[in-house]
Amino acid sequence: MNDYFPRRREPYDARWAVKRDLANIIAKYTDRGDHETAAVYIEALARYDGD
């Protein structure tokens, strides 16, 4: 017998996913010590947040 019951999922929020991914990229470059590249992504995140 199949006891699978589908769960309700939260609606997909693409803006949240992009912000999360940019934050992860910024953290990666910051940890590596590449602050110039991190600054580019910080600027991109700021522009994306401004929309």
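Just above, that's the structure.
These notes cover the structure that comes with them. Bear in mind the structure is a predicted one, so any value in this text is a computation, not a measurement. (Residues numbered from 1 in each chain as written. Predicted model: local features only at pLDDT ≥ 70, side-chain atom pairs only at ≥ 80, totals over all residues. Heavy atoms only, no water.)

Some thoughts on helix α1 (residues 14–32)
Basically, it comes down to this: Runs of H or I in DSSP of at least four residues are treated as helices and runs of E of at least two as strands, each being numbered from the N terminus. Residue count minus one, scaled by 1.5 Å, sets the expected span of a helix. We call two residues contacting when some pair of their heavy atoms lies within 4.5 Å.
Across its 19 residues, α1 extends 27 Å between first and last C-alpha, which sits within 8% of the 27 Å expected from 1.5 Å per residue. Against the buried residues of α1 lie α2 (35–50). Positive backbone phi, approximately 90°, marks G33, located one or two places after α1.

Structural notes on the packing of α1 against α2
Spelled out, the test is: The axes used here are C-alpha line fits, helices contributing only the stretch in contact, and every angle between their N-to-C directions lies in the interval 0 to 180 degrees. The scheme is simple: roughly parallel for angles under 35 degrees, roughly antiparallel for over 145, roughly perpendicular for 65 to 115, oblique for anything else. Helix crossings get a hand from a simple test, with the near helix turned counterclockwise from the far one by less than a right angle marking a left-handed crossing and a clockwise turn marking a right-handed one.
It is the contact of α1 with α2, at a shortest axis distance of 8 Å, that shows an interaxial angle of 160°. In terms of orientation, α1 lies roughly antiparallel with respect to α2. As α1 packs across α2, the resulting crossing turns out to be left-handed. Contacts between α1 and α2 pair A14, R15, V18, K19, L22, I25, I26, Y29 and T30 from the former with H35, T37, A38, Y41, I42, A44, L45, Y48 and D49 from the latter.

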